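One-letter residues, chain by chain:
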Amino acid sequence: MIKKLLKRVFQQSARTRVEGRCHIIPFDVHGVSHEGISYAARRVTDGLQAAGFAAFVVGGAVRDLLLNRHPKDFDIATNATPEDVRRVFRRSRIIGRRFRLVHVMFGEDTVEVSTFRRMIEEEDAETDEHGRLLRDNEFGDQEQDAARRDFTANALFYDPATQEIHDYHNGYADIRANTLRMIGDPAVRYREDPVRMLRAVRLSAKLGMKLDEATGAPIAGMKELLGNVPQARLLDEMLKLLLSGHSLECVKKLREMDLHHGLLPMLDVILEQPMGERFIMLALQNTDQRISEEKSVSPAFLFAALLWHEVLSAWKVHQAAGESPVAALHAAMDEVLERQHAQLAIPRRYDAIMKELWLLQPRFEQRGGQRPIRLLSQPRFRGAYDFLLLRCESGEVDAQLGLWWDEFQDATDERRAEMLMQDDEPKKRRRRKKPGAAKQDEKTQPETATQTESPVQSEFPID
Ligand code: ATP
Ligand code: MG
């Protein structure tokens with residue numbers, strides 16, 4: 001196997017051209033056809049090249065194509081300035097103040113185009129007291145643009161016109177050897193930007209690449225530097241990690257590398273709560289599964305799952321203090337969200353959905369009268385039901401409840417009428433029953449109704 005690989009790499013290098021410090025790898029060596037490039041990205045490289053500029057697909061997309069994966073998006077790097085790019089494409093706009101990028105629009109597709117950048121030389125670099133780069137926004141040439149990237153596998157340039165790959169850091173051989181390797185001195189690169197430690201974990205888990213030893217080694221001693229990274233950026237990276245489709249693997253790796261414990265508040269929530277651990281692991285597994293099936297996943301659902309057990313315990317405390325279940329749940333939600341806003345920087349825009357998912361949970365327990373029908377018509381029913389299934393799977397509530405809802409949502413009207421439990425709707429809100437309705441209620445299965453222990457009693461208000 002290794003012999004074969006060496007032979008292939010050797011044969012390939014025989015056909016690879018060297019220009020300066022760049023290795024140019026032709027199509028018949030790497031085998032990535034321009035058909036793998038999106039129509040919009042191709043139009044951008046063609047347009048820029050026709051106007052006399054250099055233009056390449058760069059970064060994650062080239063790496064993913066070489067690994068036979070479907071790229072998330074296609075980023076373009078060019079020697080054209082943002083103003084040049086704007087002149088070439090009418091439907092485009094310059095975005096970003098710190099580093100200006102251009103978004104070029106083709107139909108529904110938007111392609112991000114960035115001008116080659118260089119890493120600022122050490123003496124000119126603006127850093128914080130720990131060496132973290134505060135600015136890296138100078139234009140540069142292609143070689144400099146390759147050097148400022150993080151991993152060798154992320155620093156390849158693909159030219160769709162010639163189908164050649166430009167490689168300055170041996171990234172092609174590293175990808176073929178399934179190795180994720182930092183460009184330059186890993187310790188220096190982590191100091192410049194500590195988020196690269198998280199990227200190392202996420203990308204190696206997501207791509208199934210092994211972390212080169214020298215790249216992984218400094219992490220243990222440098223992890224404290226994550227404390228200097230702005231919360232919003234950490235949250236951003238944590239979200240990428242949790243929504244990578246390999247969240248379980250990532251979390252396991254972070255734990256192995258001892259990157260939790262106070263450094264990443266989100267991870268503390270995930271790993272440091274004994275009660276909710278099973279639930280959270282199931283939520284992550286479920287998220288990974290949905291991504292592999294190309295189903296949508298929402299950050300709000302994930303946050304709601306991560307915080308559910310905190311809400312549950314706060315809810316209990318408030319109820320024990322004599323508050324009604326509804327008031328107690330509202331108080332618990334507000335309390336947990338307030339705390340987490342401060343700690344995790346969870347954007348407030350997710351609050352409404354998280355609260356809806358939580359507030360609908362007790363309503364699954366109520367299976368009498370018209371209430372299940374009303375619950376089904378809630379816009380957030382689907383998400384809340386998925387959330388309920390996680391609770392069942394984790395053993396928090398009886399699996400019967402999930403099975404009941406599974407059947408009820410697709411059942412015929414007759415079957416639904418049979419399934420409805422004796423109506424336990426509060427008396428003051430009970431409407432006059434139609435003749436015969438009481439009989440129908442008697443046909444329900446009382447055992448199932450009592451099997452599920454609900455923290456909420458029947459006075460929970462409906463709608
Ligand atoms: P993904 O598939 O998750 O999008 P990606 O490698 O494309 O992975 P992006 O965040 O989209 O990740 O970044 C695009 C490219 O920008 C990377 O491939 C890498 O070359 C460069 N890059 C991103 N973050 C950093 C960083 N912190 N330091 C240096 N280069 C970076
Ligand atoms: Mg990307």
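Residues numbered from 1 in each chain as written. Chains lettered and ligands numbered in written order. Predicted model: local features only at pLDDT ≥ 70, side-chain atom pairs only at ≥ 80, totals over all residues. Heavy atoms only, no water.

Participant: Just checking my understanding: could you explain the side chain of Ser 38 for this structure?
Facilitator: If you trace the backbone, Ser 38 turns up in the loop between helix H2 (27-30) and helix H3 (39-50). With a relative accessible area of 19%, Ser 38 lands in the buried category. Within the local environment of Ser 38, its side chain forms a polar contact with the backbone nitrogen of Ala 41, the two atoms lying 3.1 Å apart. Once residues lying within four places of it in the same chain are set aside, the contact partners of Ser 38 are Phe 74 and Asp 109. (Helix = DSSP H or I, 4+ residues; strand = E, 2+ residues; numbered from the N terminus. Buried < 20%, exposed > 50% of the residue type's maximum accessible area, 1.4 Å probe, protein only. Polar contact = N/O pair within 3.5 Å; in protein donor to acceptor, adjacent residues only side chain to side chain. Contact = heavy atoms within 4.5 Å.)

Participant: Help me understand the site of ligand 1, please; the structure alone is not making it clear to me.
Facilitator: What surrounds ligand 1 is a group of 16 residues, the closest being Arg 63, Asp 193, Arg 196, Arg 202 and Lys 240. Measuring from an oxygen atom of ligand 1, one finds a side-chain N or O atom of Arg 202 at 2.7 Å. Lys 240 has a polar side-chain atom sitting 2.9 Å from an oxygen atom of ligand 1. Relative to its unbound accessible surface of 590 Å², ligand 1 loses 84% to contact with the protein. Among the cavities detected, the one that contains ligand 1 is the largest pocket. Mapped onto the shell around ligand 1, the elements with two or more residues apiece are helix H4 (60-66), helix H9 (195-207) and helix H12 (231-242). (Near = heavy atom within 4 Å. Areas by Shrake-Rupley, 256 points an atom, 1.4 Å probe, with all protein chains shown as cover. 1 Å grid on protein atoms, 1.4 Å probe; cavity = no way out; pocket = protein on both sides within 12 Å on 5 of 7 lines; lining within 4 Å. Sits in = over half its atoms within 2 Å of the grid points.)

Participant: Quick question: what am I supposed to make of the packing of aromatic side chains here?
Facilitator: When we look at a pair of aromatic rings, we describe it by the centre distance and by the angle of the planes. Evaluated as defined, the whole model comprises 15 aromatic pairs. On the basis of an interplanar angle of 10 degrees and a centroid distance of 5.9 Å, the ring pair of Phe 381 and Tyr 385 is categorised as stacked. Here Phe 381 pairs with Tyr 385, and both are found in helix H20 (residues 381-393), just four residues apart, close to one helical turn. With respect to class, Phe 381 is no different from Tyr 385; both count as buried. Site record: aromatic cluster; members linked through ring pairs are Phe 364, Phe 381, Tyr 385, Trp 404, Trp 405 and Phe 408. When the ring centre of Trp 404 is taken as origin, the NZ or CZ atom of Arg 367, which lies over that ring, is 5.2 Å away. Note that Arg 416 overlies the ring of Phe 408, its terminal NZ or CZ placed 5.1 Å from the centroid. (Phe/Tyr/Trp six-rings, centres within 6.5 Å; stacked < 30°, edge-to-face > 60°. Lys NZ or Arg CZ within 6 Å of the ring centre and 35° of its normal.)

Participant: Is there a simple way to explain the pattern of salt bridges in this structure?
Facilitator: Pairing is possible between side chains that carry opposite charge, provided their charged atoms lie close to one another. If you walk through the whole model with that rule in mind, you get 28 salt bridges. The residue Glu 19 makes a salt bridge to Arg 17 at a minimum N-O spacing of 3.3 Å. Owing to a relative accessible area of 45%, Glu 19 belongs among the partly exposed residues under this scheme. Among the ionic pairs, Arg 233 bridges to Asp 193, the shortest N-O distance being 3.0 Å. One end of the pair, Arg 233, is in helix H12; the other, Asp 193, is in the loop between helix H8 (186-192) and H9, and 40 residues separate them in sequence. (Salt bridge = Lys/Arg side-chain N within 4 Å of Asp/Glu carboxyl O.)

Participant: Looking at this structure, how should I read the packing of helix H15 (residues 277-292) against helix H16 (residues 299-320)?
Facilitator: Between two packed helices, both the angle of their axes relative to each other and the distance between the axes serve to describe the pair. Contact geometry of H15 with H16 gives a least axis separation of 9 Å together with a crossing angle of 165 degrees. Put simply, H15 runs roughly antiparallel to H16. As for how H15 packs across H16, the hand of that crossing is right-handed. Every residue of H16 that contacts H15 at Phe 279, Ile 280, Ala 283, Leu 284, Asn 286 and Thr 287 is listed here: Phe 301, Leu 302, Ala 305, Leu 306, Trp 308 and His 309. For the contact of H15 with H16, the class distribution of residues is nine nonpolar, three polar and no charged. (Axes fitted to C-alpha atoms, helices over the stretch in contact; angles between N-to-C directions. Parallel < 35°, antiparallel > 145°, perpendicular 65-115°, else oblique. Left-handed = near helix turned anticlockwise from the far one by under 90°. Nonpolar A, V, L, I, M, F, W, Y, C, P; charged D, E, K, R; others polar.)

Participant: Is there a simple way to explain the pairing of strand E10 (residues 156-159) in this structure?
Facilitator: Two faces, one strand: in a regular strand the side chains alternate between the faces of the sheet. Along E10, one buried face is formed by Leu 156 and Tyr 158 and the opposite face, lined by Phe 157 and Asp 159, is buried too. Here strand E3 (residues 55-58) pairs with E10 via two bridges, running antiparallel. Bridged to Val 57 within E10 is Tyr 158. Hairpin connection of E10 to strand E11 (residues 164-167): four residues between the antiparallel strands, including Gln 163 at a positive phi of 60 degrees. (Pairing = 2+ DSSP bridges.)

Participant: What am I meant to see in the environment of Ser 33 here?
Facilitator: For Ser 33, the position within the fold is in the loop between H2 and H3. The class of Ser 33 is partly exposed, set by a relative accessible area of 22%. Taking the C-alpha atoms as reference points, Ser 33 and Glu 164, separated by 131 residues in sequence, lie 9.4 Å from one another. Sequence-distant contacts of Ser 33, defined by excluding residues within four places in its chain, comprise Phe 27, Tyr 158 and Gln 163. Reaching out from Ser 33, the side chain makes a polar contact with the backbone nitrogen of Glu 35 at a distance of 2.9 Å.

Participant: How should the sheet that holds E10 be read in this particular structure?
Facilitator: Neighbouring strands of a sheet are bound in pairs by backbone hydrogen bonds; such pairs are parallel or else antiparallel. Spatially, nine strands are ordered E1-E2-E11-E10-E3-E4-E7-E6-E5 in an open sheet, and the strand pairing comes out mixed. The sheet is open, and its two borders are formed by strand E1 (17-19) and strand E5 (92-95), each paired with just one other strand. Pairwise comparison of adjacent strand axes, ignoring direction, gives a mean angle of 30 degrees for this sheet. Relative to the sheet, H3 contacts E3, strand E4 (75-78), strand E6 (101-106), strand E7 (109-115) and E10, its axis offset from that of E7 by approximately 40 degrees.

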